[in-house]
Amino acid sequence: MNRRAFLASAGVALSLGVAGRRAASTPDALVVRVWFSESAATHDALEDRVEGYLGGALDEALDAATVEFAPSTVALPHEGGKASLGRDWPMRVAEGLVGLGEVDPVGDVNLLVTDGDPRRQPAGYARPHVAAATGGAYIARMPPVEERPTVVPYSVPAAATQLLLHEVGHALGATHAHGTARREGDALVASPMVGSYLWASERVREEQLADGNVCGGAYPSDDGASERRLDLRYADCAARALR
Ligand SMILES: [Zn+2]
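The rules behind each value
- Residues numbered from 1 in each chain as written.
- Predicted model: local features only at pLDDT ≥ 70, side-chain atom pairs only at ≥ 80, totals over all residues.
- Heavy atoms only, no water.
- Disulfide = S-S within 2.5 Å.
- Helix = DSSP H or I, 4+ residues; strand = E, 2+ residues; numbered from the N terminus.
- Buried < 20%, exposed > 50% of the residue type's maximum accessible area, 1.4 Å probe, protein only.
- Polar contact = N/O pair within 3.5 Å; in protein donor to acceptor, adjacent residues only side chain to side chain.
- Pairing = 2+ DSSP bridges.
- Donors = N, O, S within 2.8 Å, 3.2 Å for Na, K, Ca; no water.
- Axes fitted to C-alpha atoms, helices over the stretch in contact; angles between N-to-C directions.
- Contact = heavy atoms within 4.5 Å.
- Salt bridge = Lys/Arg side-chain N within 4 Å of Asp/Glu carboxyl O.

Chemist: So what exactly am I meant to see when it comes to the state of the cysteines here?
Modeler: Throughout this description, disulfide means a covalent bond between two cysteine sulfur atoms. A full pass over the atoms with the stated rule returns one disulfide. In this model Cys215 forms its disulfide with Cys237; the gap between the sulfur atoms is 1.8 Å. The S-S bond linking Cys215 to Cys237 shows a torsion near 80 degrees; that makes this disulfide right-handed. Taken together, the positions of Cys215 in the loop between α7 (202-209) and β9 (227-231) and Cys237 in helix α8 (residues 236-241) put the pair 22 residues apart, joining distant regions of the chain.

The following block contains the structure:
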């Protein structure tokens, strides 16, 4: 669903706030609006890290992207789980589109970041224009983006940070088939749309990566790859699929 269809799906009651905010940003810049759960909002560094890592990756992929933060936090009964991430949050965004509730959505991506445990499935969730990701406490522990290379050793904070890019990528139309992986010496490097699935069990890999890569590259095996690394920038294949 494109941006126009998404906004139209809300009917005629669309708040003027959406158009007003877009007009104020760079013409045609993609806007990701971010909400924190009440718990996630307690991590002082979180806003800076989301802006740095997500904003940096989108800027590189799309040339113009704005990450902005909602002024209010979101009260959640649970910080994780399918109901919170995959049902309640999209529902609140949909209600916001017709002027109900507290959430004031934008036309591109509406991202919720919670304090749920990113090691538990589902760690995140996405549908067109709506995304949710757990791991706020871990993302806040990442060093500032300017102190890191774009490819980093696997860690839970790095995986949670990459998950943001993964779910926002889905919300903008990219799939797991737009992910890539490459060998760098002894290391296997996963791009955001593949992420940790690269090292998942055979069964999960079959389920999630069965379509292969639509840009033509095969996923290298991890035979003999002693190190796991995560790329915190979108692969070219995914960048072309965004929007
Ligand atoms: Zn995914």
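On we go.
Chemist: It is not clear to me how the side chain of Asp108 should be interpreted in this structure. Could you clarify?
Modeler: Among the secondary structure elements, Asp108 is positioned in the loop between α4 (82-97) and β3 (109-113). Exposure remark for Asp108: the relative accessible area of 4% places this residue in the buried category. At 2.9 Å, the side chain of Asp108 and the backbone nitrogen of Val31 are in polar contact.

Chemist: Can you help me understand the pairing of strand β7 (residues 181-184) in this one?
Modeler: It is a general feature of regular strands that their side chains alternate between the two faces of the sheet. Judged from the four bridges that link them, β7 and strand β8 (residues 187-190) form a sheet pairing that is antiparallel. Looking at β8, one finds that Glu184 is bridged to Ala187.

Chemist: Explain the coordination of the zinc ion to me, please; I cannot follow it from the model alone.
Modeler: Octahedral metals with six donors have ideal donor angles of 90 or 180 degrees. Tetrahedral metals with four donors have an ideal donor angle of 109.5 degrees. At 2.0 to 2.1 Å from the zinc ion lie its protein donor atoms, namely His166 (NE2), His170 (NE2) and His176 (NE2). The buried category is assigned to His176, whose relative accessible area is 12%.

Chemist: Where do I start with the sheet that holds β3 in this structure?
Modeler: In any sheet, the strands associate via hydrogen bonds between backbone groups, in a parallel or an antiparallel arrangement. Taken together, five strands build an open sheet; the order of strands is β2-β1-β3-β5-β4 and the sheet is mixed. For this open sheet the edge positions go to β2 (65-69) and β4 (124-127), each flanked by a neighbour on one side alone. Averaged over all adjacent pairs, the angle separating strand axes in this sheet is 15 degrees, with direction ignored. Pairing analysis gives four bridges linking β3 to strand β5 (residues 130-133), with the strands arranged parallel. Residue pairing across strands places Val113 opposite Ala133, the latter belonging to β5. Across the sheet, helix α3 (residues 46-62) lies against β1 (30-36), β2 and β3, angled at about 160 degrees from β2, the strand it touches most. Helix-sheet contacts for helix α6 (residues 156-171) involve β1, β3, β4 and β5, and the interaxial angle to β5 is about 165 degrees.

Chemist: I would appreciate a short explanation of the pattern of salt bridges in the present structure.
Modeler: Two side chains that carry opposite charge are able to pair once their charged atoms sit near each other. Per the counting criterion, the structure on display carries nine salt bridges. Between Arg233 and Glu60 there is a salt bridge whose closest N-O contact spans 2.7 Å. One end of the pair, Arg233, is in the loop between β9 and α8; the other, Glu60, is in helix α3, and 173 residues separate them in sequence. For Glu207, the salt bridge goes to Arg203, with nearest N and O atoms at 3.0 Å. Residue Glu207 and its partner Arg203 are both found in helix α7; the two are separated by four residues, about one turn of the helix. The same class applies to Glu207 and to Arg203, which are both exposed. Residues participating in the shared-partner salt-bridge network are Arg182, Glu184, Glu227, Arg229 and Asp231.

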